[in-house]
Amino acid sequence: MTPPTVVITSPGSPPQAPAMPAAGPLLSGLTTSRAASVSLPLRYMVTGLLFAVFAFGLATAYAQSFVDDVFLTPHLLAATHLAALGWLTMIAMGALYQFVPVVLDVPIFSERLGKAQFYLYLAGVLGLAYEMGSGRLQTVAWPAGLLVLAIGMFLYNMVRTLARVERWPLTGWFILAALTSLGLVVTAGFVLAVNLILGFVPLSQLAFVEAHAHLAALGWLGLLAVGVSYKLTPMFALSHPFNEWRLGRAIFVLLTTGVVGVFVSLLLRLGPVALLACWLVVGAGVGLYAWDYATMLRVRRRRPIDLTQQHNVAGVAGLVLTTLLGLALVLTPAEAAGHSRLQLAYAVMALAGWLGLTTLGQLYKIVPFLVWTHRFAPRMGKEKVPLLKDLFPQRLATAGFVGLLAGLVVAELGVLTGFLPVVQTGFALATAGTAIAATNLIRVVFR
Ligand code: HEM
């Protein structure tokens, strides 16, 4: 029998039923009396899962764009932003609405604002993907404006929330740096969109696009993924003894310095030496982080590597590969044959192989846990309630993970070799794997 654990499921409610079944007590750090109502994070997470399937579906349908050796095509732009904004950023926002109160011990400034922002953000993402996909780049400014408004509301909500924080753990610093990057990313995205009409920026549009994309993937999504893993991995795997500050401080400094350096080097075209130096700083941060992540797993008390950790291990491998592909890109002249393929393989690895796998893995713990505490914890002791692991079919979930992983490996090989049927097969497999994950998790929510 697991010892009783007090879990408070919603603000103001009395302490709830004792003990959670299987794994439950290990995860009680995912919610506290400060947490927002579950409908706030879950709406972002469910929508993000649908976008994940949509993004891979689009990539499968327009796989030709991944072998054409042309950058910035309408379908590539649409698929990139569906993945980055519809899937990853949508889920990241939901996760922050859940985690910031729990990790930093402050309530969300305004849940109502968070709910209103969701609709505006959804409209912005759909509008941006539609305008980009149909090739009407002259009209991307309106959805870009909507996104400025929606992300502005999100950042305002977060800043007002963070202003009350008294103690800053390592994860808090990563969150702060990631939110700062998000503010810059959306500003850069809007300027890019307006510049497509007015052409007023005295910089190369391509340099601007590259700087914007790196700040988004590495600065916003990447710093967030690394920071949140310092809270979730030790909690899920019961890593002990583990001191997050031992290497975490150096990793934070290396990664944030590297991200700023890469952004500035790309934007101002400082040249290959400056870019290489900055990339090596990022690489040092990634290397140390991979080591620290391995330490978290090595000292874990919960021996089985469950589905979440399987996704995360694959995600950290994806991060290391992304860094190596990035290094290869820095060392390859832009006019060399195969440069744009390398660029695409690098982008797919970063968005899907690193950030996508990591995000899905965490959701496999967070969504069932939130639903369980909200729906079943109050019924404990009064009736038979399911265990966490009973909320979705485990074997099907593993099949989905294997499909997604295999699909990504195949798609990467196809992009690197420029062989269309391989890219199509890879993305089709990845779509199927993601569809399984999305169906599993969405069924948990509507169970
Ligand atoms: C996590 C968020 C984001 C990521 C990872 C991201 C990534 C990218 C990438 C990789 C490209 C180049 C695509 C290609 O080569 O086909 C790009 C271009 C672009 N992005 Fe984003 N982006 C993000 C957010 C945004 C936002 C919020 C906006 C608008 C407010 C935006 C507006 C644009 C525009 C207008 C372009 C195209 C510029 C051109 O064609 O010259 N992006 N982005």
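Residues numbered from 1 in each chain as written. Predicted model: local features only at pLDDT ≥ 70, side-chain atom pairs only at ≥ 80, totals over all residues. Heavy atoms only, no water.

### Description of the packing of aromatic side chains
Put simply, the rule reads: Centres within 6.5 Å make a pair out of two Phe, Tyr or Trp rings, where for Trp the six-membered ring is used; the pair is then stacked when the planes are under 30 degrees apart, edge-to-face when over 60, and tilted otherwise. Each helix corresponds to a stretch of at least 4 residues labelled H or I by DSSP, and each strand to a stretch of at least 2 residues labelled E; elements are numbered beginning at the N terminus. The buried label applies to any residue whose accessible area, calculated with a 1.4 Å probe on protein chains only, is under 20% of its type's maximum; exposed applies above 50%, and partly exposed to all values in between. The criterion for a charge sitting over a ring is simple: Lys NZ or Arg CZ within 6 Å of the ring centre, and within 35 degrees of the ring normal.
Tallying each qualifying case throughout the model produces 17 aromatic pairs. Considering the side-chain rings of Phe109 and Tyr156, the 5.8 Å spacing of their centres and the 90° angle between planes classify their relative orientation as edge-to-face. Of this pair, Phe109 sits in the loop between helix 2 (74-104) and helix 3 (111-133) while Tyr156 sits in helix 4 (residues 141-162); the two residues are 47 residues apart in sequence, bridging distant segments of the chain. Taking the relative accessible area as the measure of exposure, Tyr156 reaches 41% and is therefore partly exposed. With a centroid separation of 6.3 Å and 20° between ring planes, the pair formed by Tyr230 and Phe242 is classed as stacked. Of this pair, Tyr230 sits in helix 6 (residues 205-237) while Phe242 sits in the loop between helix 6 and helix 7 (244-267), placing them 12 residues apart in sequence. Its end group placed over the ring of Trp291, Arg298 keeps NZ or CZ at 5.6 Å from the ring centre.

### Thoughts on the site of the ligand
Let me state the cut-off plainly: Summary of the distance rule: residues count as near a molecule or strand when at least one heavy atom falls within 4 Å of that molecule or strand. As used in this structure description, the phrase polar contact means that two N or O atoms lie within 3.5 Å; if the pair is within protein, one of them must be able to donate a hydrogen and the other to accept it, and residues adjacent in sequence are counted only when both atoms belong to side chains. Under the scheme applied here, ten amino acids are nonpolar (Ala, Val, Leu, Ile, Met, Phe, Trp, Tyr, Cys and Pro), four are charged (Asp, Glu, Lys and Arg), and all others, including Gly, are polar.
What surrounds the ligand is a group of 26 residues, the closest being Phe71, His81, Ala84, Gln205 and His212. Measuring from a nitrogen atom of the ligand, one finds a side-chain N or O atom of His81 at 2.8 Å. His212 has a polar side-chain atom sitting 2.8 Å from a nitrogen atom of the ligand. For the shell around the ligand, the secondary-structure elements that each account for two or more residues are helix 2, helix 5 (170-198) and helix 6. Across the shell around the ligand, the residue classes break down as 20 nonpolar, six polar and no charged.

### Description of the coordination of the iron atom of the ligand
Short version of the rule: With water omitted from the atoms examined, metal sites may look incomplete; donors here are N, O and S atoms no farther than 2.8 Å from the metal, or 3.2 Å in the case of Na, K and Ca. Here the metal geometry follows the donor angles, with tetrahedral for four donors whose angles all fall between 85 and 135 degrees, square planar for four and octahedral for six when opposite donors are more than 155 degrees apart and every other angle is between 65 and 115, and irregular for all the rest.
Only His81 (NE2) and His212 (NE2) from the protein reach the iron atom of the ligand as donors, at distances of 2.0 Å. One way to put it: the six donor atoms around the iron atom of the ligand meet at angles of 87 to 179°, and that makes the site octahedral. Taken together, the positions of His81 in helix 2 and His212 in helix 6 put the pair 131 residues apart, joining distant regions of the chain. By the burial criterion, His81 is buried, and His212 matches it.

### Here's the deal with the confidence of the model for the protein
Defined as follows: The quantity known as pLDDT measures the predictor's confidence residue by residue, on a range of 0 to 100. Whether two residues are in contact is decided by their heavy atoms, any of which lying within 4.5 Å being enough.
When pLDDT is averaged across the protein, the result is 91; 94% of the residues are at 70 or more. Counted against residues more than four places away or in other chains, residues 1-26, with its pLDDT under 50, gives 56 contacts.

### Some words on the packing of helix 9 (residues 307-331) against helix 10 (residues 339-376)
To keep it simple, the criterion reads: Only the stretch in contact is used when a helix axis is fitted, and all axes are lines through C-alpha atoms; the angle between N-to-C directions ranges over 0 to 180 degrees. Oblique is the label for every angle not falling under 35 degrees (roughly parallel), over 145 degrees (roughly antiparallel), or within 65 to 115 degrees (roughly perpendicular). Definitions for this section: a left-handed crossing has its near helix turned counterclockwise from the far helix by less than a right angle. A right-handed crossing has that turn clockwise.
Look at helix 9 against helix 10: their axes get within 8 Å of each other, and the N-to-C directions meet at 160°. Relative to helix 10, the element helix 9 is oriented roughly antiparallel. As for the relative orientation of helix 9 and helix 10, their crossing is left-handed in sense. Its residues assigned to classes, the contact of helix 9 with helix 10 shows 16 nonpolar, 13 polar and one charged.

### With respect to helix 8 (residues 272-298)
To be explicit about the condition: The span you would expect from a helix comes to 1.5 Å times its residue count less one.
Between its terminal C-alpha atoms helix 8 stretches 38 Å, which fits the 39 Å expected from 27 residues at 1.5 Å a residue. For helix 8, the set of buried residues is Leu275, Cys278, Trp279, Val282, Gly285, Val286, Tyr289, Asp292, Tyr293, Thr295, Met296 and Leu297. Residues of helix 8 that are buried sit in contact with helix 6, helix 7, helix 9 and helix 10.

### Digging into helix 3
In this model helix 3 runs 33 Å from its N-terminal to its C-terminal C-alpha over 23 residues, within 8% of the 33 Å that 1.5 Å per residue would give. Of all the residues in helix 3, the buried ones are Gly114, Gln117, Phe118, Tyr121, Gly124, Val125, Gly127, Leu128, Ala129, Glu131 and Met132. Lining the buried residues of helix 3 we find helix 1 (39-61), helix 2 and helix 4. Remark: Gly135 follows helix 3 within two positions and exhibits a positive phi of approximately 80°.

### Overview of the environment of Cys278
With respect to the helices and strands, the residue Cys278 is situated in helix 8. For Cys278, a relative accessible area of 16% gives the class buried. As for Cys278 and Ala36, which are separated by 242 residues in sequence, their C-alpha atoms are 39 Å apart. With sequence-adjacent residues up to four places away left out, Cys278 is seen in contact with Gly258, Gly261, Val262 and Ser265.

### A look at unusual backbone geometry
His240 connects to Pro241 through a cis peptide bond whose omega is 0°. Despite not being glycine, Leu238 shows a phi value in the positive range, around 55°. At Arg269, a position not held by glycine, the phi torsion is positive, near 50°. Its location among the elements puts Arg269 in the loop between helix 7 and helix 8. According to the relative accessible area criterion, Arg269 is partly exposed, its value standing at 42%.

### Some thoughts on empty space enclosed by the protein
We count it as follows: Computed over the protein atoms alone on a 1 Å grid, cavities are sets of points where a 1.4 Å probe fits but cannot get out and pockets are open sets with protein on both sides within 12 Å along at least five of seven lines; a residue lines them when it has an atom within 4 Å of a point. Grid points are joined across faces, edges and corners, and a volume is the space filled by probe spheres set on the points.
A full pass over the atoms with the stated rule returns four cavities of 30 Å³ or more. Estimated volume of the largest cavity: approximately 240 Å³. Lining the largest cavity are 17 residues, with Ala92, Leu224, Ala225, Thr359 and Gln362 positioned closest to its centre. Of all the secondary-structure elements, those providing two or more residues to the lining of the largest cavity are helix 2, helix 6 and helix 10. Element by element, the count of residues in the lining of the largest cavity is highest for helix 10, at six residues. Tallied by class, residues from the lining of the largest cavity come to 14 nonpolar, three polar and no charged. Of the voids in this model, the second largest cavity is the one considered here, and its volume is about 90 Å³. If you go around the second largest cavity, the residues you meet are Leu218, Gly222, Leu223, Val226, Leu255, Val259, Val282, Val286, Tyr289, Leu319 and Trp354. Every element with two or more residues in the lining of the second largest cavity is listed here: helix 6, helix 7 and helix 8. Ranked by residues supplied to the lining of the second largest cavity, first place goes to helix 6 with four residues. Among the residues forming the lining of the second largest cavity, the class breakdown is 10 nonpolar, one polar and no charged.

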